[in-house]
Amino acid sequence: MADQQAQTGGEKRPSEIPAIRWEEPPEGPVLVLLDQTRVPAEEVELVCTDASALVEAIRSLAVRGAPLLGIAGAYGVALAAARGFDVVEAARALEGARPTAVNLSVGVRRAEAAYGAALTRTGDPTAAAAAALAAARALHQEDAEASARMAVHGLALLDELLPGGGHRILTHCNTGALVSGGEGTAFAVALAAHREGRLRRLWVDETRPLLQGARLTAYEAARSGMAYTLLTDNAAGSLFAAGEVDAVLIGADRIAADGSVANKVGSYPLAVLARYHHVPFIVVAPLTTLDPATPDGASIEVEQRPGFEVTEISAPQVPLAGPGGGVQVAPLGTQAYNPAFDVTPPELVTAVVTEEGAVSPVTAEALAELCARARRVPVDG
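Residues numbered from 1 in each chain as written. Predicted model: local features only at pLDDT ≥ 70, side-chain atom pairs only at ≥ 80, totals over all residues. Heavy atoms only, no water.

*Asks:* How would you explain the sheet that holds strand β10 (residues 261–264) if you had to name every residue and give the values?
*Replies:* Here 4 strands make up an open sheet; going across it, the order is β12-β9-β10-β15 and the pairing mixed. The open sheet has two edge strands with one neighbour each: β12 (290–291) and β15 (341–344). Bridge count between β10 and β15: 4 bridges; the pairing is antiparallel. Residue pairing across strands places Val261 opposite Thr344, the latter belonging to β15. (Pairing = 2+ DSSP bridges. Helix = DSSP H or I, 4+ residues; strand = E, 2+ residues; numbered from the N terminus.)

*Asks:* How would you explain the UniProt feature "site: Transition state stabilizer" (unreviewed entry) in the protein if you had to name every residue and give the values?
*Replies:* Here the UniProt-annotated "site: Transition state stabilizer" (unreviewed entry) positions come out as Cys173. The topology assignment puts Cys173 in the loop between β5 (167–171) and α6 (186–195). According to the relative accessible area criterion, Cys173 is buried, its value standing at 9%. If near-sequence neighbours (up to four positions away) are discounted, Cys173 is found in contact with Arg64, Thr207, Gln212, Gly213, Thr217 and Lys264. (UniProt positions renumbered as here; feature names shortened; annotations may be inferred. Buried < 20%, exposed > 50% of the residue type's maximum accessible area, 1.4 Å probe, protein only. Contact = heavy atoms within 4.5 Å.)

*Asks:* Outline α6, listing residues and values.
*Replies:* For α6, the buried fraction is high: 8 of the 10 residues fall into the buried class. Along α6, the positions that sit buried rather than exposed are Ala186, Phe187, Ala188, Val189, Ala190, Leu191, Ala192 and Ala193. Considering only its buried residues, α6 is in contact with α5 (125–161), β5, β6 (199–205), α7 (212–223), β8 (247–250) and β11 (281–284). The positive-phi residue at the C-terminal boundary of α6 is Gly197, with phi of around 75°.

*Asks:* Now, about the side chain of Ser180: what can you tell me, with residues and values included?
*Replies:* Mapping Ser180 onto the fold places it in the loop between β5 and α6. Here Asp143 takes part through its side chain, which lies 3.0 Å from a polar atom of the side chain of Ser180. (Polar contact = N/O pair within 3.5 Å; in protein donor to acceptor, adjacent residues only side chain to side chain.)

*Asks:* How would you sum up the pattern of salt bridges? Please name residues and give values.
*Replies:* All told, the structure shown has 19 salt bridges when counted by the stated rule. Between Glu112 and Arg92 there is a salt bridge whose closest N-O contact spans 2.8 Å. Of this pair, Glu112 sits in helix α4 (residues 102–122) while Arg92 is found in helix α3 (residues 87–95), placing the two residues 20 residues apart along the sequence. Using a relative accessible area of 37% as the deciding quantity, one classes Arg92 as partly exposed. Arg305 is paired through a salt bridge with Glu309; the nearest N and O atoms lie 2.7 Å apart. No difference in accessibility class separates Arg305 from Glu309, as the two residues are buried. (Salt bridge = Lys/Arg side-chain N within 4 Å of Asp/Glu carboxyl O.)

*Asks:* Explain the UniProt feature "active site" (unreviewed entry) in the protein to me, and be specific about the residues and the numbers.
*Replies:* In the numbering used here, UniProt assigns the "active site" (unreviewed entry) feature to Asp253. Structurally, the position occupied by Asp253 is in the loop between β8 and β9 (254–256).

*Asks:* Any details on the packing of aromatic side chains? Residues and values, ideally.
*Replies:* If you walk through the whole model with that rule in mind, you get 1 aromatic pair. For the ring pair Trp22 and Tyr75, a centre distance of 6.0 Å and an interplane angle of 25° mean the geometry is stacked. You can see Trp22 sitting in strand β2 (residues 20–23) and its partner Tyr75 sitting in helix α2 (residues 66–83), a full 53 residues away along the chain. The pair Trp22 / Tyr75 is uniform in exposure class, with both members buried. (Phe/Tyr/Trp six-rings, centres within 6.5 Å; stacked < 30°, edge-to-face > 60°.)

*Asks:* Go over the confidence of the model for the protein, please, and point to the residues and values.
*Replies:* Here the protein averages 92 in pLDDT, while 92% of its residues score no lower than 70. The low-confidence segment residues 1–15 (pLDDT under 50) makes 32 contacts with residues lying over four places distant or belonging to another chain. Segment residues 377–381 is flagged for pLDDT under 50; beyond a separation of four residues in sequence, or across chains, it makes 5 contacts in the model. (pLDDT = per-residue confidence, 0-100.)

*Asks:* Any details on the nonpolar core? Residues and values, ideally.
*Replies:* In this structure, Leu31, Leu33 and Leu54 are the most contacted members of the largest nonpolar core, which totals 44 residues. Residue assignment for this core shows that the elements contributing at least two residues are β2, β3 (30–34), β4 (44–48), α1 (51–59), α2, α3, α4 and α5. Looking at which element gives the most residues to this core, the answer is α2, with 12 residues. Aside from chain neighbours lying at most four places away, what touches Leu33 is Ala19, Ile20, Val44, Glu45, Leu46, Cys48, Leu54, Ala57 and Val63. Grouped together as the second largest cluster of nonpolar side chains are 30 residues, Ala236, Phe240, Phe281 and Val283 included. (Core = buried A, V, L, I, M, F, W, Y, C linked by side-chain atoms within 4.5 Å.)

*Asks:* Give me α4: which residues, what numbers.
*Replies:* One full turn of an α-helix is made of 3.6 residues, so residues set three or four places apart face in the same direction. Helix length check: α4 (21 residues) gives 30 Å between terminal C-alpha atoms against 30 Å at 1.5 Å per residue, within 8%. All of the buried residues along α4 are Val102, Asn103, Leu104, Ser105, Gly107, Val108, Ala111, Glu112, Tyr115 and Ala118. As for α4, its buried residues are in contact with α1, α2, α3, α5, β9 and β12. Where α4 ends, the next residue or the one after it, Gly123, has phi of about 70°, a positive value. (Expected span 1.5 Å × (residues − 1).)

*Asks:* Which residues make up the packing of α2 against α5, and what values go with them?
*Replies:* At their nearest, the axes of α2 and α5 sit 8 Å apart, and the two run at 165° to each other. In terms of their interaxial angle, α2 and α5 are classed as roughly antiparallel. In the packing of α2 onto α5, the handedness of the crossing is left-handed. Between α2, through Pro67, Gly70, Ile71, Ala74, Tyr75, Ala78, Ala81 and Ala82, and α5, the contact on the second element is made entirely by Ala129, Ala132, Leu133, Ala136, Arg137, Leu139, His140 and Asp143. Its residues assigned to classes, the contact of α2 with α5 shows 12 nonpolar, 2 polar and 2 charged. (Axes fitted to C-alpha atoms, helices over the stretch in contact; angles between N-to-C directions. Parallel < 35°, antiparallel > 145°, perpendicular 65-115°, else oblique. Left-handed = near helix turned anticlockwise from the far one by under 90°. Nonpolar A, V, L, I, M, F, W, Y, C, P; charged D, E, K, R; others polar.)

*Asks:* Just give me the short version of unusual backbone geometry, but keep the residues and values in it.
*Replies:* With omega at 0°, the peptide bond leading from Arg208 into Pro209 counts as cis. Among the structural elements, Pro209 can be located in the loop between β6 and α7. Here the residue pair Ser360 and Pro361 is connected by a cis peptide bond, since its omega of 0° sits within 30 degrees of zero. Among the secondary structure elements, Pro361 is positioned in the loop between β17 (357–359) and α11 (364–375).

Have a look at this one:
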């Protein structure tokens, strides 16, 4: 079923317009999303009445960011169950909407497992739907708590690596409240530094080709009163050369067992620059982003996006011209290479920060120990 749209009104803060929420109007439960393709020009909400609408919202990047995709996937299963659709079919469609972000499948499978267990136990689809919704809500709350803990651990690491404060942090893509049940991952660390008076400057990569940095991170930084400056992705090298970057903070969509990090394309060049200029390169991500089942970076499936995202520029309220609905900036018929992510090898990562603490150096053994500690079970060895 096609999404409905509702224009939000008034001068509201992002915290007042959550990236995702579950509602139960008289006509049946719905999942309401802030349409991130319209930010910052407009704050418009999408109302998903079934899993297929949510799948489309995920593919179009109306809802995005690894932790939030996990939450959305769980709610999508609950929505299918509550609306009486085939839960297994909905779960598989949701899982396949974007292949690189492991959080999506984690959230889907968690809600699906809760649904299946309740259905087996009670034989009551209504009780099973309630169990799926409870699992989604629990994941949502856990992610908010994880965000707060990552901010604490990340700020402590920054202060350890860079004593004295005055941090100048470079970030890539968007990692704030728009991707999280809380205040985000990497952005949450920068925000904590800002609140403690220890952030001198947030350098914001615009993040080509979809401009999540320019549209979303700058939006969140401005709303939070942070000192920030926007730059084109290919200007980052000159910042490093000028000694203007103290640390790089990014999120992740999947961290393989060996510590390889898949994140928004453009992250790997930053890691190379950081290593050359002796600048810490720090990845901030919840444990749900760690994927022990993926052995290494070469095993991570990297999503390939449509070429028109490169050959056209899309913006709200701009006249449409190109085949993809945007303004054509390359000759018609131009082929484009457009991976959504790249993979940074662990030897270029200074530390991985999770809600359970930081890992440095980043090795398979250290990550396994971290996961085992979080599960409260001993590591084989």
